[in-house]
Amino acid sequence: MTAKAQRAALKATGATRAQREQSTTAWFRSLLESTGEGICGLDLEGRVTFVNRAATDLLGYERGQMQGIDLHDACHHTRADGTPYPRAACPILRASRTGAGVRIDTELFWKRDGTSFPVEYSSHAIVDLGGATRGIVLTFTDISDRRRQGQAAEDLNRALMATKAELERANLLKSDFLATMSHELRTPLNAIMGFAGLMRNGLAGEMNETAKDYLERIDRNAEVLLALLSDVLDLSRIEADRMSLSIHVLDVMAVVGEVVENMRSLADHKGLVLELRDFTSDPNVLANERAVSQVVTNLLSNAIKFTESGSVIVQVKRDGSRAVIDVVDTGPGIAAEEQELVFEAFRQVGAHARTGTGGTGLGLAISQRLARELGGDLRMTSDLGMGSHFSLELVAASVNGISTDKGTGPAPSVLWATSDLASTQRLGEWVGALGLGFVGFAAPGLLVRAALEMRPAVIAMDLPPNVVAAFVAEIKENPLLAARPMLVVSGDGAGVWDVYPDVRRLSRPFGPEELHSCLGDLRSVAGPAIAEA
Amino acid sequence: MKALICLVEDYADNRVLVSALLTAGGLDVEAVGDGESLFRLLEAGIQPDLFLLDLSLPGEDGTTLMRRLKADERWRGRPVVALTAHAIKADVDWALAQGFDGYITKPVDVATFATTIRRFLS
């Protein structure tokens, strides 16, 4: 009930004016006493005119002791750093004189016993009926708890950051160690393989059959060791992120086809059917040819190695914004409980490990890391006794007007990152109508690397508002890309244009005219860049 | 007359191995373990037709030695080939960019080693 309503209620009961006023005062008093915040009235000179219980409790006074005292001298005389707080600088005194509102949470209040607490206070002017300032009401609270929590959160955050940095350093050290070790081990291995080879080639005289057999075994084991070292080196390089794979537009059918042909003699040798099936409507992907070739080679050589009879089928298809390369064999398969282990380093599971079929056990671990580096993935499904099915997923690209012959074609004029690849077919045609090349893809994580590699005349983004700002910033902060004209499709602001006013905004919905005019504007801003494309 | 190959390799067994391969391939070899010994040999008046340098050596490394050889007009025309266990393509590109005439990775291929060296001589 408000004070006014309280008065009205009393009036209705026929109470006298004096009774009514008394009641109102009591009502205000109970309001004042019920709050945990310290509340005190200060006159124009900063002397206390009234206080509530919370205020006296917080400041360590008995009731009635604070009446008339100078609040600054009593409770606000010294700053947090121990230096005196001059009256002339005191915001409370200034507020008392002028009635100005203040809110401060960075200072201390001193208690009667000489201790202090961090305080948050704010003031509100007391104005008389004539409109003149008569002082202020100051409300204040002890914010020790808040400070402690803030400090604890800050400490925790700092500890987490330190741990993260430590882990990154340790991982880098590990990768460095692996790289160095792999290199150091090659030197003695060179001597072992070299001398064995010398003897096998008869340079140390004729040898009997047993000696030749032993030498061959030395040689074969040295080869295994060498393969292991190369794989460890590969793995450590991927993990150290030094092998930043360059990203091109590739015809994935051509790359896979070449690998299949390279592996054909191995399959023929074992009497296996090796078949490549093309189910893809569009073979273009954004990837690195060497990496794709390495992964597919690994998948095929595993499939052929472990399949004793039947077939190895490779099929290439599109699945939404991904290109998928399936390698399906009729080998022994992998038991469900072992399937998640196959991508771990140094694992060869099941029968393969026991029969010593060879291999380093690193191939699939490396392949999966490579696939993920390319914005894709490598997965498997298998039924024991029914063969294995590996799926390499890559980032599909929608291409118009540029050659994709192993990524050696000219740079696209427009590189378009989107979350909906289906929409880019049309966009490619619209851009193509201007005689410009177009590459669209739905994997924004590849955008910066693709842009660095392709140097498109225009970098365009059609991404959800919550991520677009981060990608714009990433490009703008890269010295090699910062000057590239950029276009962002957006239904809302996303805050991009406040920070980067030169980013061209294309509002949805748009048709070819709007897109053309947008590209035209960018052309006038950065004429040579588009002209050169 | 047989061509003379000057090998600098600090790992003794590999020195013996490479020397054996070159000798078997009909080439003459002078093998030393570091750059200091190399320049002592050269001051003594030998005339190598090709230098084969391990990249990681005690004292001056292979790249530094290559630069010194290339800077000296007495040896400027002679091929300098790098020999190393670094097996990454980036390393090969790097070595060639530094000025090496060629690059052989370890472990060496016993069957083709001498032929490969002969190719640099012609």
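## Notes on the overall build of chain B
Helix and strand counts for chain B stand at five helices and five strands. Secondary structure elements of chain B, listed N to C terminal, follow the sequence β-α-β-α-β-α-β-α-β-α. Sorting the 122 residues of chain B into buried and exposed places 46% on the buried side. Of all intrachain contacts in chain B linking residues separated by at least 6 positions in sequence, the fraction that spans at least 24 positions is 64%. As displayed, chain B has an accessible area near 5700 Å², and 50% of this comes from carbon and sulfur atoms.

## Digging into the pattern of salt bridges
All names here are of chain A. Scanning all chains against the criterion turns up 34 salt bridges over all chains. Linking glutamate 261 and arginine 264 is a salt bridge whose minimum nitrogen-to-oxygen distance equals 3.1 Å. Placement of both glutamate 261 and arginine 264 in helix α8 (residues 252-269) is noted, with a separation of three residues, approximately one turn of the helix. The class of arginine 264 is partly exposed, set by a relative accessible area of 25%. Put simply, aspartate 377 and arginine 372 hold a salt bridge, and the shortest N to O gap is 3.0 Å. Linked through salt bridges whose partners overlap, the residues forming this network are Arg322, Arg372, Asp377, Arg379 and Glu393.

## Some points on the sheet that holds strand β5 (residues 102-105) of chain B
Residues and elements named next belong to chain B. The parallel open sheet is built from five strands, whose spatial order is β2-β1-β3-β4-β5. The sheet is open, and its two edges are formed by β2 (28-32) and β5, each paired on a single side. Averaged over all neighbouring strand pairs, the angle between strand axes comes to 20 degrees, with direction disregarded.

## Brief notes about the packing of aromatic side chains
Using the criterion set out here, one finds seven aromatic pairs over all chains in the structure. Aromatic side chains A:Phe109 and A:Tyr121 sit 5.6 Å apart centroid to centroid with 10 degrees between the ring planes, which places their arrangement in the stacked category. Here A:Tyr121 lies in strand β4 (residues 116-127) and A:Phe109 lies in strand β3 (residues 103-110), a separation of 12 residues in the sequence. Assigned by exposure class, A:Phe109 and A:Tyr121 land together as buried. The aromatic ring of A:Tyr85 is capped on one face by A:Arg79, whose charged end is 4.2 Å from the ring centroid. The aromatic ring of B:Phe39 is capped on one face by B:Arg68, whose charged end is 3.9 Å from the ring centroid.

## Quick look at the nonpolar core
If you look at the biggest cluster of nonpolar residues, it comprises 77 residues, and the most contacted ones within it are A:Leu286, A:Leu300, A:Leu392, A:Phe441, A:Met461 and A:Val472. With 24 residues, the next largest nonpolar core counts A:Leu42, A:Val51, A:Leu93 and A:Phe117 among its residues.

## Side note on the pairing of strand β8 (residues 284-287) of chain A
Residues and elements named next belong to chain A. Both faces of β8 are covered, namely the face carrying Asn284 and Leu286 and the face carrying Val285 and Ala287. Pairing of β8 with strand β12 (residues 387-400) involves two bridges; the strand directions are antiparallel. If you follow valine 285 over to β12, its bridge partner there is alanine 396.

## Some thoughts on the interface of chain B and chain A
Taken residue by residue, the interface counts 19 residues in chain B and 16 residues in chain A. Both faces combined, the contact of chain B with chain A buries some 1500 Å², and carbon together with sulfur accounts for 72% of it. In this assembly, chain B and chain A are joined by zero salt bridges. The interface formed by chain B and chain A includes five residue pairs in polar contact (both at pLDDT 80 or more). Among the elements that take part in the side of chain B that touches chain A, helix α1 (residues 12-24) of chain B stands out by supplying seven residues, more than any other.

## Comments concerning the environment of A:Ser116
All names here are of chain A. Mapped onto the fold, serine 116 is located in strand β4. For serine 116, a relative accessible area of 33% translates into the label partly exposed. Considered as a pair, serine 116 and cysteine 75 are 41 residues apart in the sequence and their alpha carbons are 8.7 Å apart.

## So, the packing of α8(A) against helix α9 (residues 289-306) of chain A
Two quantities define a packed helix pair, namely the angle between the axes and the distance from one axis to the other. All names here are of chain A. At their nearest, the axes of α8 and α9 sit 9 Å apart, and the two run at 30 degrees to each other. Relative to α9, the element α8 is oriented roughly parallel. When the axes of α8 and α9 are compared, the crossing they make is right-handed. Facing Val255, Val256, Val259, Val260, Met263, Leu266 and Ala267 of α8, the residues of α9 in contact are Glu289, Val292, Ser293, Val296, Thr297, Leu300, Ser301 and Ile304. Within the contact of α8 with α9, the residues separate by chemical class into 11 nonpolar, three polar and one charged.

## Observations regarding the side chain of A:Glu393
All names here are of chain A. The topology assignment puts glutamate 393 in strand β12. We classify glutamate 393 as buried; its relative accessible area is 13%. Of the polar contacts made by the side chain of glutamate 393, one reaches the side chain of arginine 379; its length is 2.7 Å. Discounting residues that sit within four places of it in the chain, glutamate 393 has contacts with Arg322, Ala323, Val324, Gly376, Asp377 and Arg379.

## Concerning the confidence of the model for chain B
Parts of the model with low pLDDT should not have their predicted coordinates read in detail. Residue and element names in this part refer to chain B. Confidence along chain B averages 89 in pLDDT terms, with 96% of residues attaining 70 or more. By mean pLDDT, helix α4 (residues 89-98) is the weakest element of chain B at 76, and strand β1 (residues 4-8) is the strongest at 96. Predicted complex, confidence summary: ipTM 0.81, pTM 0.56.

## Some words on α1(B)
In this model, α1(B) (13 residues) spans 18 Å end to end at C-alpha, consistent with the 18 Å of a helix rising 1.5 Å per residue. Turning to α1(B), its buried residues number three or more, namely B:Asn14, B:Leu17, B:Val18, B:Ser19, B:Leu21 and B:Leu22. Looking at the packing, one finds that the buried side of α1(B) touches α6 (144-200) of chain A together with β1, β2, β3 (50-54), β4 (80-84) and α5 (113-121) of chain B. Two residues or fewer past α1(B), B:Gly26 is found with a positive phi of approximately 85 degrees.

## What to know about helix α14 (residues 447-454) of chain A
All names here are of chain A. Among the residues of α14, those classed as buried are Leu447, Val448, Ala450, Ala451 and Met454. The arc enclosing the buried residues of α14, seen along the axis, measures out at 165 degrees, which places them on a common side. Just beyond α14, the residue with positive phi is arginine 455, at close to 45 degrees.

## Notes on unusual backbone geometry
With an omega dihedral of -5 degrees, the bond running from B:Lys106 to B:Pro107 counts as a cis peptide bond. Mapped onto the elements of the fold, B:Pro107 is located in the loop between β5 and α5.

What counts and what doesn't
- Residues numbered from 1 in each chain as written.
- Chains lettered and ligands numbered in written order.
- Predicted model: local features only at pLDDT ≥ 70, side-chain atom pairs only at ≥ 80, totals over all residues.
- Heavy atoms only, no water.
- Helix = DSSP H or I, 4+ residues; strand = E, 2+ residues; numbered from the N terminus.
- Buried < 20%, exposed > 50% of the residue type's maximum accessible area, 1.4 Å probe, protein only.
- Contact = heavy atoms within 4.5 Å.
- Areas by Shrake-Rupley, 256 points an atom, 1.4 Å probe, with all protein chains shown as cover.
- Salt bridge = Lys/Arg side-chain N within 4 Å of Asp/Glu carboxyl O.
- Pairing = 2+ DSSP bridges.
- Axes fitted to C-alpha atoms, helices over the stretch in contact; angles between N-to-C directions.
- Phe/Tyr/Trp six-rings, centres within 6.5 Å; stacked < 30°, edge-to-face > 60°.
- Lys NZ or Arg CZ within 6 Å of the ring centre and 35° of its normal.
- Core = buried A, V, L, I, M, F, W, Y, C linked by side-chain atoms within 4.5 Å.
- Buried area = accessible area lost by both parts, 1.4 Å probe.
- Polar contact = N/O pair within 3.5 Å; in protein donor to acceptor, adjacent residues only side chain to side chain.
- Parallel < 35°, antiparallel > 145°, perpendicular 65-115°, else oblique.
- Left-handed = near helix turned anticlockwise from the far one by under 90°.
- Nonpolar A, V, L, I, M, F, W, Y, C, P; charged D, E, K, R; others polar.
- pLDDT = per-residue confidence, 0-100.
- Expected span 1.5 Å × (residues − 1).
- Arc of directions from axis to C-beta.

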